[in-house]
Every structure is written in structure tokens, then in C-alpha cells.
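What follows is the residue order along each chain.
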Amino acid sequence: MRDDRLASLGCGPVSRRRLLGGGLALSAATFLPACKPRMSGLLTGADTHPADYPTVKAVEFMGRYLFERTGGRLGIKVYAGGQLGSETDTLEITSFGGLDFNRVNFAPLNSIEPMTLPFSLPFVFESVAHMRRVVDSAVGDEVLATLEPHGLIGLCIYDSGARSFYNTRRAIRTPDDMAGLKLRVPASDLYVAMVNALGANAVPIPFGEVYQSLAQGVIDGAENNWPSFVSARHYEVATYYSLTEHLLTPEALVMSKTSWDGLSPDDRRLVREAAKLSVVEMRRLWDQRVTEAKATIAASPVAVNAVEKEPFAALMRPVWDQFITTPAQKSVVERILAMREG
Ligand code: BDP
């Protein structure tokens, strides 16, 4: 992250060595912010998506709610478009208190907390309705609560539709069509294993670098939902979108525990209330956005093809056993499956 942006967040750069010297284990960032807690005023948020994306709009909705309810004492400024860095980097910054809110996919949370893995399993959710039922149940709250020891307060869960494969080379109809393709995945070992299990080569790259990597031929494709495929302009270069719909992994809105601890009990209740209401707003915006994205693709040169999902599911199934190993994870998976209709 650029120093002037950190400064605007009230942060000064601290060297990695100083932090490590202080006994902290860091992975990605060389410089991390040392920030004053902001218990009131304009709270900050990060999102990898552009300013008009439903997740950004939902958090801004939350900010307006807080602003109105506190007579202007609290508000949220969302730094959209990945301007503060990749989700992995901004999560680290959030857990150290350099950002107040962060909206991320569950994928980067997989490497932080194993209890987030059940939501990222291929074909675990049978439909959007099933995913919503699960995240609205106690399971959603329990999984969010597992983030607290990592310095993150899980506030709510947003939709992310179904992820499908797209690429620059050919329509994917059967797993054989995946052979040898270099496919971008988010920073999650589960995604790497899942894509490699299909015979492709998984390449973990931050979301913000995918367009360029596709355009330069560094990768052949990626996988994502309709709205991301369109808003990140990946469809301009990857003209085959194959409806594998292998993941219905949702998104999480988290708050820095440092910032949370600085709030009064009343403000905490208000933040939770605002987050809950933002889910309703997000789903409304999301459903609209999916319809718009499909229309954009229908009017573009992209070839969309249906896929028989069973052979993909069968090859991906072993990753369930590879990544779901503890009784607590198994119990979450069982509860997810028990909420299926079919
Ligand atoms: C999108 C998610 C975003 C992720 C991105 C990805 O909304 O949070 O960063 O996928 O693939 O669907 O990295």
C-alpha cells in the first residue's frame, strides 16, 4: 500500500523487522501500518471490487445507517477497487488495526482459519437458496466467530453466486478439456488442490492481477461468478465461460478486533445491526447485478456453455477429505448437508 494512503488512514509504516522483533509472525506484507485506534469518526473499509459493486454498496449502506443513527459520529469510507492491496494483504492490515472493515471472499480466510473451509468446498451448496439458508442459520454465526482469535470480528456474510471456469482457449465440457490449462485461483490451498484435481494447473494470483495475466497469456483462464467476470473485464479476454458452478462460496465482512474493542457496547450493537441490514440490501443489489452481468455477456462475443457437473464433482470430491479433517469441521459440513432440500 502506498505510504500516502496509509497516512490518510492515520498510519505510519513500521518495518517488518521491527514487528518480527516484537515476536509477531507475518507472512506477506513488508510494511504494515501502526495506526491509532479510531473509536469514532470515519471508519475505513477495503474491497477489491470497483465502487459500484454490490459488496461496496452494501458496506456504504451500512456506513449511512451508522451515520444517521449516531448523528454523524460514525461513518464508513470504503477504499474500493483493490487500491489498498490484495485481500490477503488487507486482511493482515485489518487484523493489526490498520483498517476497520474488510469485505473479502472466504477463500483468503481459508489460510487463516480452518473452520472457514467448509464454505469453500466444491459442490457443498446445492443452490443459492441453500447457501443463504446455511449462512442465515447458527452455522453462519459460529463460523464467523472462529475469526476472532485472528484479530477479526466476523460481522456478516454476503452472496457471491456460483463460480464457473472461463478461459481464452476452448469451451470446457468435460474434465478432459481442463488438461494442461493454467488457471488462476485465489490464495487458498483448497482452490489449488481442487483445480489440480481436474488436471489443470492452478496458479494463485491476486484478483487485481488476473486481467493483465490473462491479456499477457501468463494464464489461460480463471474461475469466478458472473458479476466478477464482467466487472473485472475478464470476459474481454477470456471468451469461453463454462457453467461448472463448482463453488457457491460466500463473502465475509469482517471488522478489526482492535477497532471493535475500541467501540462502546452500544456502538457494537449498532454495528452488528447495520451489518445485518446490509445483507438484505446486498442480496437485492446482487440479484440485480447477476441479471445485468448475464445480459452483458449475452451481448458479447463470449461463448457460454452448459456442463454436466457430475464428472467434475466426482474428481473434486477427494479435496473434502483432504481439507475437512477435524470433528468441528466435519460437524459443520454435516449441518450444511442436512440443510439441503434435495
Ligand atoms: C470474487 C470475490 C472477491 C475475490 C475474487 C477472487 O467477490 O472477494 O477477491 O472473487 O477470485 O468473486 O479473488
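Under an unreviewed UniProt entry, the name given to the protein is TRAP transporter substrate-binding protein, and the organism recorded is Pelagerythrobacter marensis.

J.: If you had to explain the site of the ligand to someone new, which residues and values would you point to?
T.: Taken together, 14 residues form the shell around the ligand, and within it His49, Glu87, Arg184, Asn224 and Glu251 come nearest. Here an oxygen atom of the ligand sits 3.2 Å away from a polar atom, N or O, in the side chain of Ser228. In isolation the ligand has 320 Å² of accessible area, and contact with the protein removes 97% of it. Its residues assigned to classes, the shell around the ligand comprises 2 nonpolar, 7 polar and 5 charged. Taken domain by domain, the makeup of the shell around the ligand includes at least three residues from each of domain 1 (3-159 + 250-292) and domain 2 (163-248 + 300-338).

J.: Help me get a handle on the pattern of salt bridges, residues and values and all.
T.: This structure, assessed with the given rule, holds 22 salt bridges. Taking the shortest distance from any N to any O, the salt bridge between Arg73 and Asp267 comes out at 2.8 Å. With a gap of 194 residues between them, Arg73 in the loop between helix 3 (54-69) and strand 4 (74-79) and Asp267 in helix 12 (residues 265-298) connect regions that are remote in the sequence. Its relative accessible area of 37% is what places Arg73 among the partly exposed residues. In this structure, Asp287 and Arg132 form a salt bridge, with 3.1 Å as the shortest nitrogen-oxygen distance. Separated by 155 residues along the polypeptide, Asp287 in helix 12 and Arg132 in helix 6 (residues 128-136) bring together distant segments of the chain. When its relative accessible area of 17% is taken as the criterion, Arg132 is described as buried. Put simply, Arg132, Asp136, Asp159, Arg283 and Asp287 are held in one network by salt bridges that share partners.

J.: Could you give an account of the packing of helix 3 against helix 12, with specific residues and numbers?
T.: With their axes 8 Å apart at the nearest point, helix 3 and helix 12 run at an angle of 145° to one another. The hand of the helix 3/helix 12 crossing is right-handed. Contacts from Pro54, Thr55, Lys57, Ala58, Phe61, Met62, Tyr65, Leu66 and Arg69 of helix 3 reach helix 12 at Leu270, Val271, Glu273, Ala274, Ala275, Leu277, Ser278, Glu281, Met282, Leu285, Trp286 and Arg289. The residue makeup of the contact of helix 3 with helix 12, split by class, is 14 nonpolar, 2 polar and 5 charged.

J.: Give a detailed account of helix 7 (residues 138-145), specifying residues and quantitative values.
T.: All of the buried residues along helix 7 are Val139, Gly140, Val143 and Leu144. Looking down the long axis of helix 7, one finds its buried residues gathered within 130° of arc, a one-sided arrangement. On its buried face, helix 7 is in contact with helix 6, strand 6 (152-158), strand 12 (251-256) and helix 15 (327-338).

Scoring rules and cut-offs
Residues numbered from 1 in each chain as written. Predicted model: local features only at pLDDT ≥ 70, side-chain atom pairs only at ≥ 80, totals over all residues. Heavy atoms only, no water. Near = heavy atom within 4 Å. Polar contact = N/O pair within 3.5 Å; in protein donor to acceptor, adjacent residues only side chain to side chain. Areas by Shrake-Rupley, 256 points an atom, 1.4 Å probe, with all protein chains shown as cover. Nonpolar A, V, L, I, M, F, W, Y, C, P; charged D, E, K, R; others polar. Domains from an automatic or database assignment. Salt bridge = Lys/Arg side-chain N within 4 Å of Asp/Glu carboxyl O. Helix = DSSP H or I, 4+ residues; strand = E, 2+ residues; numbered from the N terminus. Buried < 20%, exposed > 50% of the residue type's maximum accessible area, 1.4 Å probe, protein only. Axes fitted to C-alpha atoms, helices over the stretch in contact; angles between N-to-C directions. Left-handed = near helix turned anticlockwise from the far one by under 90°. Contact = heavy atoms within 4.5 Å. Arc of directions from axis to C-beta.

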